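Listed here are the chains, written in short residue letters.
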Amino acid sequence: MEEKIWKDHYVLLNKDEENELEAFGYKTQGCRRALSIAGYILSCGVLLLLFYWKPEWDVWANCVPCSLEEADVVLLRTTDEFQKYTWKKVTWIDLSTLALPVGSYSECPLVADKDSVINRAIMKPQLKITGRQQHVSQHTPQIWSWPDKGRTGNQILNPFYVFQAFTLTLWLSQGYIEYSVAIIVLSVISVGLTVYDLRQQSTKLHDLVEEHNKVQVTVCTKNEGFKELESRYLVPGDVFLLDGKKLSLPCDAVLIDGSCIVNEGMLTGESIPVTKTLLPLTESPEPWKTHSMEDYRRHVLFCGTEIIQAKSTGRGPARAVVLQTGFNTAKGDLVRSILYPRPLNFQLYRDAFKFIVGLSAIGVLGLIYTVCVFTYHNKPVADVVAMALLLLTAAVPPAIPAALTTGTVYAQRRLKKKKIFCITPQRINICGQINLVCFDKTGTLTEDGLDLWGILPSEGSRFQKIHKFPSSTPLPWGPVCAAMASCHSLVVLDKKIQGDPLDLKMFEGTHWEIEESTTAQDRAGAIDACIVRPGPNASSAPVEGIAILHQFPFSSGLQRMSVVSQKIGEEQYDLYMKGAPETVSSFCRQETVPSDFLEELKTYTSQGFRVIALAHKVLSLPEDVDVGDLEREEVESGLEFLGLLVMENRLKPETKPVLQELAAARIRSIMVTGDNLQTAVTVARNAHMIHEACKVIIVEASEPEGSAPASIAWQLAEGSKTSAAAPSVSTAKEVYANAQEKITLEGESCHYHFAMNGKSYQVLVKHFYSLLPKILLNATVFARMSPGQKSSLVEELQKLDYYVGMCGDGANDCGALKMAHAGISLSEQEASVASPFTSQIPNIQCVPELIREGRAALVASFAVVKYLTLYGLIQFVGTALLFWQLQIFGNYQYLIQDVVITLLVCLTMSLTEAYPKLAPYRPPGQLISPPLLLSVVLNVCFTIAVQTCGFLLVKKQPWYVALASWRHCSLRNHTLTPTGPGENSTSSSAQSTVLSYEGTTLWPLSSINCIIVAFVFSKGKPFRKPIYTNYVFSAILTLQLAICLFLFLADMDAVYSGMQFLCTPVIWKVYVLLMLLVTFCVSFFTEDVLLQNKHLWMLIKACVGYQSKSQYRKWQRMLQRDPNWPPVNTKDFAARSTAEVYVNPSYEHRD
């Protein structure tokens, strides 16, 4: 029974998806609710605040578990490492109360079709719907652009700010107004700026979404025919018209009539027109996606993409069926991931919270100590409470929340000057820990376009002399020229030829011209055709032109495209094909393929050239055949091999030096691209991502077939017998009988790299998951990767405890850019909305810049946290010593420490710029680490020792009296006449608690100690420039030291009376300065020579046998002990299949 109740009480939502959630049903109970309200009132709102921070406690206190069907509150919990809770109130919508009759939805339509599920439900008034949204709003992403109220509430109710408010209230009640007002102003500015940034992002996102909600579309309904609707009312299943006008698609749809030319720049980051064809009519019982296989994307119009041109067919205008709307589309998935990003689990912020908890614990000890001391002396309860709370808050500086952001704010400002923009400043600190960067290839490492290098024609099964480009003589007329002029998907838009850059370069090499689409006449009737004709600079041709009658579009799965064409004025039809060389050669008659085909191919691919093969066939078609109805499988066979098209994809000039800089800093570089494998490997070699001496092992994996299990083959790239241009998964089925070749590991530098394509990666995740970590340790090239696979790869690398950066130029990298610790977009299109960082300079120089600034910001954050900890504890120790004799520092004494010293130090310490050279190691990523903890603990010990010595030694001086009043300082005789307790009648009660020789001694010891630790903690090289380059900070430290020394040594009546000091002999002032000098020397030596000594810590680690706990380090140590790793020229089989990796289908599109 209990098991059934639990089953009804709990459900797992979005299983195996990125946004997986657990839902628990709860019902509000009246008595519990009443007790909670009483608790809110009795605790003066503290309980309510606690429930705000811990929503699960709120639900558990007010509700009892129940089935989800009966629940009025649903508790949601994420299934990731954070286990974050939220709760939502369940709203019941009674459809019988909706007064909207069926058919009267002209003003505010429920849905476009009255036969829809919702309209049918309204016809049955007894039905109810549980949910949070009515009508079809579930299909429309609603983004509000004015989140100020909620955002401000979230910021202000942050635990840091709540504690800060409590501290400031206490200090204001004690008359400490100046510092409190300064902190309040800073906090208001900090919260205001944060909310402003969030509002700007939200407004941008709102505009991005709203444009798709207000598109006017013409919908086909069963009863009313065509009608205009706003796109927000579209639901899956609606049929809408594409009337030829430019249209930004408001949904995902499948084309069922006509054809379209679409700009998919939103998805791919490249504004290349893509031709979409209608979904063919088949009698197959299989789902349309399965039947269309990997080609299904050529029938799908994705949300956010732009229709440039829509063509109708003889059956009527172009039409499409709505597949997905709102957050379920590719665009919606992008918007949702921006709205609800994966939370960052960075050690710094968790450690900072632990630091505050630790300081609070020390503060509680101080509170107990104060209560004991003041109670022992029979002080009033009000004084005991006030003083106890004062010491509690002294240990936890209220400036910590604001100070933690200063380092990132300054780093963000420096990045902006370098044309790198950041929308999530918290990630800047995380950039300081990056030790692996994934790069897209085309447009990121290499130039955007391809250049035509040459054509290697084939005739009589032999390769002829290569024709290089550019050339003084045009390409001679022949089948190769005809193939290059016609086998493409180029279109003329606004009198400009547009299309795939490869097609464009190939066509330009012929010097032919293209006309806008016209209607041509074939044997079956009129047909839309694209006409190409020889240009004035083209070689003479015996034809007037060529009409391209039908296209079989390019597919990354098929790795080829074909066109059916006809020479103008002739009856004969021709089929031309281009694609991956081994794919095209498999469709050719073998007697037409040169015997040295593979050798020639490898010659060019090994040099990094992109190679495309061309083929031709004369079609024999019946007279009444419709060219548009031809089946691809029927006509693509028995072709004649024409030759190889060689194209060059040059590296950007900045690529090689940047990758060398990252390698010198021991930061791994990985290439993740949609290009073919051999080209990617060659580019990786040319860019020195893979060094010449290193071996490359191609990992090829196959899905299980029939009774044969999944297999994985390991093959040396140099000895591969398969084509290097585009290895397919099927080649992994071959059994390699070669002897194993052993490749050794030497320390961290490996002499081998793994390379694989997306299909192999998918099989690895699905069937060889236990091998994946071993492979990822040395995998450098991932080719033919879909956007979903890129995201999955980044996530798997993060599981190995790598801090992953991702640099890409297109929105097809959006998933990976969001998933990475630091995503850097080189595109100013919508990819930049999802990416934490955007570089306006389109090369990878931004990567080391970002890492440098991240390291500087991280070190600065550590320095500020350490400084504020020391400042709080220095003040805590001094105040605690004075409390021993019921005294306290004066308001102006505190003000100098808090405003003149600490506040200015916190605002300027992080101004030091990043060191220009990347060090070969990262800064510590944890505050709770031995060097940092020792630094704090030892400096606190020095502080306690010095202040205690000063406190005790001053009591032993001959001129000391326990209770003294202020007297004029004699300029001629620096001695003080002791004043007895009985003569203290003129001093006020405030002076009696402040004026003392102990206070006069402890103030310079604590104040100048704050300046000392600020200087000592401002470490320069290797992550930041030397302290003297931070002119503002250096000047402020010098000025602060001068002010403190002046106030202490002045011997001026006005100064001493204002600061509430007592005059002391010169010799005592010399003793105090000597104590401070010793403190500085000991602190500087400890911090700079011992704690910051990298070699010393390495020696200590070696002596104690310390080993890194990072997963990738553990795997490295394990593989070093494995004599059989890596396997070479072998084949392994999967024992059993495992869970399949989730790849978001909305991100699956043409590579």
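That block above? That's the structure.
Below you will find a few notes about this structure. Small disclaimer: the values here were computed from a predicted structure and weren't measured.

What counts, and where the lines are drawn
- Residues numbered from 1 in each chain as written.
- Predicted model: local features only at pLDDT ≥ 70, side-chain atom pairs only at ≥ 80, totals over all residues.
- Heavy atoms only, no water.
- Helix = DSSP H or I, 4+ residues; strand = E, 2+ residues; numbered from the N terminus.
- Buried < 20%, exposed > 50% of the residue type's maximum accessible area, 1.4 Å probe, protein only.
- Polar contact = N/O pair within 3.5 Å; in protein donor to acceptor, adjacent residues only side chain to side chain.
- Expected span 1.5 Å × (residues − 1).
- Arc of directions from axis to C-beta.
- Core = buried A, V, L, I, M, F, W, Y, C linked by side-chain atoms within 4.5 Å.
- Contact = heavy atoms within 4.5 Å.
- Patch = residues over 30% accessible without salt bridge, like charges linked within 9 Å, V, L, I, M, F, W, Y side chains within 5 Å.
- Areas by Shrake-Rupley, 256 points an atom, 1.4 Å probe, with all protein chains shown as cover.
- Salt bridge = Lys/Arg side-chain N within 4 Å of Asp/Glu carboxyl O.
- Lys, Arg positive; Asp, Glu negative; His and termini not counted.
- Charge placed at Lys NZ, Arg CZ, Asp CG, Glu CD.
- Disulfide = S-S within 2.5 Å.
- Axes fitted to C-alpha atoms, helices over the stretch in contact; angles between N-to-C directions.
- Parallel < 35°, antiparallel > 145°, perpendicular 65-115°, else oblique.
- Left-handed = near helix turned anticlockwise from the far one by under 90°.
- Nonpolar A, V, L, I, M, F, W, Y, C, P; charged D, E, K, R; others polar.
- Pairing = 2+ DSSP bridges.

On to the side chain of E853. Tracing the backbone shows E853 in helix α28 (residues 846-883). We classify E853 as buried; its relative accessible area is 2%. Within the structure, the side chain of E853 is placed 2.9 Å from the side chain of R414, a separation counted as a polar contact.

Taking 1.5 Å of rise per residue, the 19 residues of helix α33 (residues 1031-1049) would be expected to cover 27 Å, and the 27 Å separating its terminal C-alpha atoms lies within 8% of that figure. Within the span of α33, buried status applies to F1033, I1036, L1037, Q1040, C1044, L1047 and F1048. The arc that holds the buried residues of α33, viewed along the axis, is 105 degrees, so those residues lie on one side. Opposite the packed face of α33, turned more than 90 degrees from it, sit the exposed residues Y1031, T1038 and L1039.

For the rest of this paragraph, the subject is the nonpolar core. Counting residues in hydrophobic clusters, the biggest one holds 88 residues, and the most contacted among them are Y867, I901, V905, M909 and W1003. Ranked by residue count, the leading element in this core is α28, at 17 residues. Contacts of V905, omitting those with residues within four sequence positions, involve Y867, A1014, F1033, L1037 and Q1040. Core analysis: the second largest hydrophobic core is formed by 44 residues, Y752, V765, F782 and L800 among them.

Here we take up the environment of T393. Inspection of the secondary structure assignment puts T393 in helix α13 (residues 381-394). Sequence separation of T393 and F163 is 230 residues, and the distance between their C-alpha atoms is 8.9 Å. Beyond its immediate stretch of four places on either side in the chain, T393 contacts F163, F166, T167, L170 and W171.

Once that is clear, we can look at a negative patch on the surface. A grouping of D626, D629, E631, E633 and E634 is seen on the molecular surface, where their side chains present a negatively charged patch. Note that E633 resides in helix α20 (residues 632-635). For E633, a relative accessible area of 60% gives the class exposed.

Take K1019: it is sitting in the loop between α32 (997-1017) and α33. The class of K1019 is partly exposed, set by a relative accessible area of 24%. Among residues more than four places away in sequence, those in contact with K1019 are R1024, D1088 and Q1092. A polar atom in the side chain of K1019 sits 3.2 Å from the side chain of D1088.

The next thing to look at is the state of the cysteines. Under the defined criterion, the tally for this structure stands at 0 disulfides. With no disulfide partner, C422 has as its closest neighbouring cysteine sulfur the one in C431, 7.6 Å distant.

Packed helix pairs are characterised by how far apart their axes lie and by the angle those axes make with each other. Contact geometry of α33 with helix α35 (residues 1066-1091) gives a least axis separation of 11 Å together with a crossing angle of 155 degrees. In terms of orientation, α33 and α35 fall into the roughly antiparallel class. You can see that α33 and α35 cross each other, and the crossing is right-handed. Judged by residue contacts, L1045, F1048 and L1049 of α33 engage K1069, V1072 and L1073 from α35. Looking at the contact of α33 with α35 residue by residue, the class counts come to 5 nonpolar, no polar and 1 charged.

Turning to the pattern of salt bridges, a few remarks are in order. By the definition in use, this model includes 23 salt bridges. The partner of E591 in a salt bridge is R589, with the nearest N and O atoms 3.2 Å apart. Of the residues examined, E591 reaches a relative accessible area of 55% and is grouped as exposed. The exposure class of R589 is partly exposed, given its relative accessible area of 35%. Across the pair K1019 and D1088 runs a salt bridge whose closest N-O atoms are separated by 3.2 Å. Of the two residues, K1019 sits in the loop between α32 and α33 while D1088 sits in helix α35, which places them 69 residues apart along the sequence. One network of salt bridges, with partners in common, ties together R414, K418, E661, E849, R852 and E853.

So, on to the sheet that holds strand β8 (residues 216-221). With antiparallel pairing, the 6 strands of this open sheet are ordered in space as β9-β8-β10-β17-β12-β15. The open sheet has two free edges, formed respectively by β9 (225-230) and β15 (300-301), since each of these has just one partner strand. The sheet contact formed by strand β12 (residues 252-257) and β15 spans 2 bridges and is antiparallel. When the bridges of β15 are listed, A253 appears paired with L301.

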